[in-house]
Each structure stands twice: as C-alpha cells, then as structure tokens.
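# Structural description and commentary
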Amino acid sequence: TTAAPTSTGALPTSTTTSIAPTTTAAPTVSIGQGDARALITPTGVVVPIRRVQFGSFTVGTPCGNEATIVEGRTIGQVPIVIDPGHGGDDEPGAVGPSGLEEADLNLAVAEELVEELADRGLVAVLTRTDDYRMAIQARGELVQAIEPEVFLSVHHNASPSLVAWPLPPTEVYFQHDQAESRRFAELLFDELVRFGGTYDIEWVGSGDAGVRYRLNIEGEDLYGVLRRSAGIPAAISEAMYLSGAAEEELLRDPAVQRAEAVALANAIERYLTTDDNGWGYVGGDTFRPGQLGGSGGTDGCIDPELE
C-alpha cells in the first residue's frame, strides 16, 4: 500500500496507511467507527462512499458527480463534521475591503478547529480540504453518509450596509424545527460573542445579529446546508463581518483565527458533553426565491483531482 495522503486538516495526524478494497465487504475503517462511510482520496479530498466494489470505491464527488477510486483512507462514523463554507475560484464568498476572501478564512478557521478538537480527544472531519468548489448537495451527502452527532458550517459575514453595534454582530443559523440544533446554535453564539468581546474595535453589522432560522416560501430551511443535513443537529456560524474593515484586519491575524476556532470548539464540546444552554435567540424570517442570491449549485462546477 502507499502512504496515507497528506490532507489540509481533514483529520488528526495518523500513521495509518491507505486501504484499497479487495472484496465487496465493507473495507477496514481507518478513522471513526463502524463500516466505511467516506474516503480521503490520494489528493486529500473527502468524498462519500456510495458503493464498494471489487478493487474500487464508487464515490460522490464535490460537484455531485460519481467517480471510481481504487485507493484511499476510509472514514467510519465520527462525532463531528466541520464544513468550511464556499470554495473555488467562482465561489469565494464574502470579500473584505482589502481582498481577504471568506472561503480562505473559513478553511483556515476550520483547520484550526479540527486541530483544537483533536487536542481535546474529539475526532472531526472536514467536508472541504482545499480551495475547490463543493456543491451544497455534495456537502449534504457527505454529512448524511458519516452521520455525525453534530455538524457545523463555518462562515463569515458581509453586507453592503453596515451600522454600529455594541457587541460583536455574530449571527448563527439553525434548523428551524430541531430543538437540538437551536441549543447548539445558542452555545455557538455564546462562545463567539465571548471571543469577539475580547477585542477593542468598532463593531459593525447589518442588524441581523443573534440566533436565527430562515425559511423559504415552502416552509423549509432556506440554507441548503441545513436542509440537506436534516436529522443531524446542525448550525451555520457567521462570527464577524468580513466586509467591515476593522473586522477584516482582525480576522487576518492567525492568532485571531485560532481564538475563533477555540471558541467554536468550546461550543461543540459543551454541546456534546453537557446539558448547557446558550442564548441569543431572536426568531426567524421567510425569504422569497432569489431574495438572498444563490450559490452552491452544480452548474459549471469542475471537480478537483481525486487521484
């Protein structure tokens, strides 16, 4: 076998070698428990396993296609999945006044978060391990394949019109009909406001701070990453407004990125190990089609190299 591929933070460091299936039985799991559910490809991309065949894995790709992989490192059920939002040249997410792209920031914080969780003995997997586009449906398929105890999508905010705020204008979104999703979101809000409150800057936001749900006109969760992770407690964190100059400057600092990751890890650990509640719930909204724009689809999506 070949050496396990180096990933950009997808999993804690391990000396496990790569594994290629030789029968139609579920292959040995190198990370997590139970049968193999996902695969780290030789290029470090994490993909859901759809079928195991003689000598190969059939997997779903980041663009929602299907591919055959002959080797990789397998993943069973793990307790935590972390999703760095956006990615790829055509989906950078928010962009700060001096050019910091949200997709890069999301990944940097998510990688720090995985390392922080590993230091606490908690295994987490990233959905996206580099700067490539990943469709929302592919993120959802991966989460449903792994079936974690909790799922977090890491984001940073933007708005064309910003107003002053007395506290960090953190927003956290949850699955509207899931009490555990709301509890997780409130813990995230609690920890992120504590984190942001340690910095003395002039905070700005759009007026949507707090723990919220958003629905489409069909009454479903507006954000696809929450809708497609139904059944698994999930939340989207929007820690600060990257479109604010002072906040962008703060978020460029690797030490601040690390501190944000620690805050997120605190919330995840509290969710998994305590009955704690957070705070910050402010209600919800219903949005018409196209009201917030759209991203995360498969049109024009080009898959990264998998082998």
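In every chain, residue numbers begin from 1 and rise along the written sequence. The predicted nature of this model means local features are confined to residues of pLDDT at least 70 and side-chain atom pairs, given and counted, to a pLDDT of 80 or more, with totals for whole chains, interfaces and linings taken over all residues. Heavy atoms throughout the structure, all of them, feed into the side-chain values; hydrogens and water do not.

## A closer look at the overall build of the protein
The following threshold applies: Helix and strand assignments come from DSSP, with helices taken as H or I runs of at least 4 residues and strands as E runs of at least 2, each series counted from the N terminus. Categorising residues by exposure relies on relative accessible area from a 1.4 Å probe, with only protein chains included: less than 20% of the type maximum marks a residue as buried, more than 50% marks it as exposed, and the intermediate range marks it as partly exposed. Should any heavy atoms of two residues lie within 4.5 Å, those residues are counted as being in contact. Accessible surface is estimated by sampling points in the Shrake-Rupley manner with a 1.4 Å probe; for residues, cover comes only from the protein chains shown.
A count of helical and extended segments in the protein gives six helices and 14 strands. The buried share among the 307 residues of the protein stands at 53%. A separation threshold of at least 6 residues defines the contact pool for the protein, and within that pool the share at least 24 residues apart is 79%. About 12,700 Å² of surface is accessible on the protein, with carbon and sulfur atoms providing 47% of the total.

## As for the packing of aromatic side chains
Rules: Pairing of aromatic side chains requires ring centres within 6.5 Å, counting the rings of Phe and Tyr and the six-membered ring of Trp. Pairs whose planes differ by under 30 degrees are stacked, by over 60 edge-to-face, and all others tilted. The rule for a charge over a ring is simple: NZ of Lys or CZ of Arg within 6 Å of the ring centre, and within 35 degrees of the ring normal.
Under the counting rule described, the total for this entry stands at six aromatic pairs. Measuring from ring centre to ring centre gives 6.1 Å for Phe 174 and Tyr 281, while their planes differ by 55°; the resulting arrangement is tilted. Here Phe 174, found in strand β10 (residues 171–174), pairs with Tyr 281, found in strand β14 (residues 281–287); they are 107 residues apart in sequence, far enough to count as distant. Overall, Phe 174 belongs to the buried group, its relative accessible area being 2%. For Tyr 281, a relative accessible area of 34% corresponds to the partly exposed category. Geometrically, the ring pair formed by Phe 195 and Tyr 199 is edge-to-face, given 5.7 Å between the ring centres and 80° between the ring planes. What makes Phe 195 buried here is its relative accessible area of 7%. Taken together, the ring pairs in this structure connect Phe 174, Tyr 213 and Tyr 281 into an aromatic cluster. One residue, Arg 182, lies across the ring of Tyr 281, its end atom 3.6 Å from the ring centre.

## A word on the pattern of salt bridges
The condition that has to hold: Between Lys or Arg on one side and Asp or Glu on the other, a salt bridge is scored when a side-chain nitrogen of the former is within 4 Å of a carboxyl oxygen of the latter.
All chains considered together, the criterion is met by 22 salt bridges. Between Arg 51 and Glu 66 there is a salt bridge, and its shortest N-O distance comes to 2.9 Å. One end of the pair, Arg 51, is in strand β2 (residues 46–53); the other, Glu 66, is in strand β4 (residues 66–69), and 15 residues separate them in sequence. Classification of Arg 51 as partly exposed rests on a relative accessible area of 39%. In this structure, Asp 208 and Arg 214 form a salt bridge, with 3.1 Å as the shortest nitrogen-oxygen distance. For Asp 208, a relative accessible area of 24% corresponds to the partly exposed category.

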